[in-house]
Structure formats: structure tokens, C-alpha cells
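Structural overview
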Amino acid sequence: MQFFFKRLYRGPLQTIILDWSGTTIDYGSLAPAQVFLDLFAQFGVPITVGEARDGMGLHKKEHIRRLTQTVHIHQKWQEVHGRPPSELDVNEMYDQFASRQFDVLANYTDLIPGTLDAVKYFRQRKLKIGSSTGYSRTMLDIILPAAKQQGYEPDAVACASDVTAGRPAPWLFWHNLMQLNVYPAETAVAVGDTSRDIAAGLNAGIWTVGVALTGNALGLSEAELAQVRALDPITFNAQKERAYQKLYQAGAHYVVDTIADVPRILDDIQDHLNRGERP
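Quick summary incoming for the structure in this document.

What counts as what
- Residues numbered from 1 in each chain as written.
- Predicted model: local features only at pLDDT ≥ 70, side-chain atom pairs only at ≥ 80, totals over all residues.
- Heavy atoms only, no water.
- Helix = DSSP H or I, 4+ residues; strand = E, 2+ residues; numbered from the N terminus.
- Rg over C-alpha atoms; globule rule 2.2 N^0.38 Å.
- Buried < 20%, exposed > 50% of the residue type's maximum accessible area, 1.4 Å probe, protein only.
- Pairing = 2+ DSSP bridges.
- Contact = heavy atoms within 4.5 Å.
- Axes fitted to C-alpha atoms, helices over the stretch in contact; angles between N-to-C directions.
- Phe/Tyr/Trp six-rings, centres within 6.5 Å; stacked < 30°, edge-to-face > 60°.
- Core = buried A, V, L, I, M, F, W, Y, C linked by side-chain atoms within 4.5 Å.
- Polar contact = N/O pair within 3.5 Å; in protein donor to acceptor, adjacent residues only side chain to side chain.

A few words now on the overall build of the protein chain. Within the protein chain one finds 12 helices and six strands. A globule of 279 residues ought to have a C-alpha radius of gyration of about 19 Å, and the protein chain, at 19 Å, matches this closely. Projected onto its principal axes, the C-alpha positions of the protein chain cover 70 × 50 × 40 Å. Counting all 279 residues of the protein chain, 51% fall into the buried class.

Here the focus is the sheet that holds strand β4 (residues 188-192). Strand pairing in a sheet relies on backbone hydrogen bonds, with the paired strands running either antiparallel or parallel. Judged by pairing direction, the sheet is parallel, and its six strands sit side by side in the order β3-β2-β1-β4-β5-β6 without closing on themselves. Across the chains shown, the open sheet's two edge strands, defined by having one partner strand only, are β3 (158-159) and β6 (254-256). Sheet contacts for helix α12 (residues 263-274): β4, β5 (207-211) and β6; angle to β6, the most-contacted strand, approximately 175°.

Enumeration according to the criterion identifies seven aromatic pairs in this entry. Ring centres of W20 and Y152 lie 5.3 Å apart, and the angle between their planes is 50°; this geometry places the pair in the tilted category. Of the two residues, W20 sits in the loop between β1 (15-19) and α1 (30-42) while Y152 sits in the loop between α7 (137-149) and β3, which places them 132 residues apart along the sequence. An aromatic cluster is built from F36, Y94 and F97, whose rings are joined through pairwise contacts.

This brings us to unusual backbone geometry. That bond from R167 to P168 is cis: its omega, 10°, falls within 30 degrees of zero. Along the polypeptide, P168 turns up in the loop between β3 and α8 (171-180). P184 follows Y183 through a cis peptide bond whose omega is -5°. Positionally, P184 belongs in the loop between α8 and β4.

On to the nonpolar core. In terms of nonpolar packing, the biggest core is built from 53 residues, with I16, L18, I64, F122, V189 and V262 touching the most fellow members. A212, L213, Y244 and V255 belong to the second largest nonpolar core, which has 14 residues in total.

Quick look at the side chain of R167 now. Topologically, R167 is positioned in the loop between β3 and α8. A distance of 3.0 Å separates a polar atom in the side chain of R167 from a polar atom in the side chain of D19. Among the polar contacts made by the side chain of R167, one reaches the side chain of D197 at a distance of 3.0 Å.

Here is the structure:
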């Protein structure tokens, strides 16, 4: 008779890793979406808001590359430029994207309501706070001081230019864990607003929480969302349901409205750990 033993962790949660745009800052994740729209229009190949948002969570250069590979965008590029889009085009577009993003980024660094209270709770719970983003380090250099000035300063930061591949690869999260000296992976929780945030968290072996209302899933500013909610509650509820389903379908363990709702689910995650369960 043979017996096999499984190594189980039954200790406390140790860290929470928060996304930036659409999760902790930039209600509606507006900054990158508008730049993508303007960029492709400049190159004579207009794209829709839905197309611009579909790749959110990726490294921005990879986001551009995937857009150029979309069938109808690829075909339109061929019509306009007389040739298919190349890697040189992707590089040029990324350079222009970065320049445009720098120009507007400072206008989209306001903390999302509830962020500071949530962070205070995480601190009281003795959690280390990491952060991840598809922005480059130079873009993050604009965001970090603005967030600190408002009272938010994570313990670790990982951006797309710090690792060999962005989301959905797990490296951004593991880079955070290494900086924070945290292991095993199941002691961490990732919070983000895109399906790629969720996929990266799952690939990293950590708990995942999707944020439905303040980020890419709806793509509405705080004022726009309030207006839809007040004037057309049926439409609001339908949009909210779609946002929830999109994140659950990506594999999220939990989905909440905003970062303000994250504290209430941590006890449930801790219960899973106490039973020796993993994500």
C-alpha cells in the first residue's frame, strides 16, 4: 500500500497586489483608451473604443501589435498604406503612444474613491502592498509621486518594462513577491480590472479579484457612471452584469464593484487558506 502526502499552507495572507489604472487611479481607465483611439486615427486606421479596450492589461507595445494583427485593422492598414503593418510600424506607434501618454497621464492620476480606506485596512491586517501595471517605468514615474501626494504608496512596484513579458504572464506578480520576500504564492491576492489581470494572477498561482465598475470593463468616468445609474438603472444593471460576467469568465475567484469592496472578501480567502486550499 502506498501513501502520498500533500504539502499544505494554512497560515495567514501576506500580501495584496493592486493594479493601477482602473483599480486604484484613473476611474474608468480613460487615459490609455483615448490615446489608442487618437494614435490609430493619426495613422489613417480608426479603431473603436471596444477594440482599444480589448487588449487592456497588456504591455502597451504588445497591445499595439495585437491591434495591428486584428483582421479588419490589418486589412484597412493594407488599403491605406499599400502594405501590411510591420514591426517597424509597431515600434513607431509605440514611441508616439508613449509620447502622447506622457502628455495626458498627469491628468489621470486621481485616486479612485475608497482606495485610501482599503489600503488602510490592508495595513491594519499586516498585509504588504504590491502593485503592477502595463505602463512602462518612465510612465510610472509620473504616477507614483502623484499617488504618494494623495496618500497612497505601495511597498513594491512592477511595471511592464521590468519583466520579460507582461500580462497574462505571471512575471509582474512574481516580481512583486520577490521584492516583498513573500511566499508561497497562495498567500497573495491580486486585484485588477481586466481579464488579463485575472489571467496573470491565475498563472502566478495567487487569488484573483476583479474590479467591475471603475475600470476597463465599463470604461466610464465616475460622473458618467453616476449619470447612467441615476437616469437609466436598467442599462446600468445590464452593463454591470456584463462586466461581472466578463471577469468571472476570465477565471476571477471574486468580482466586486470597486476596490472599496475588497476588504470584505479577505476573510473568505483566509478561510480557504485555513483549510489548506490553493487558488
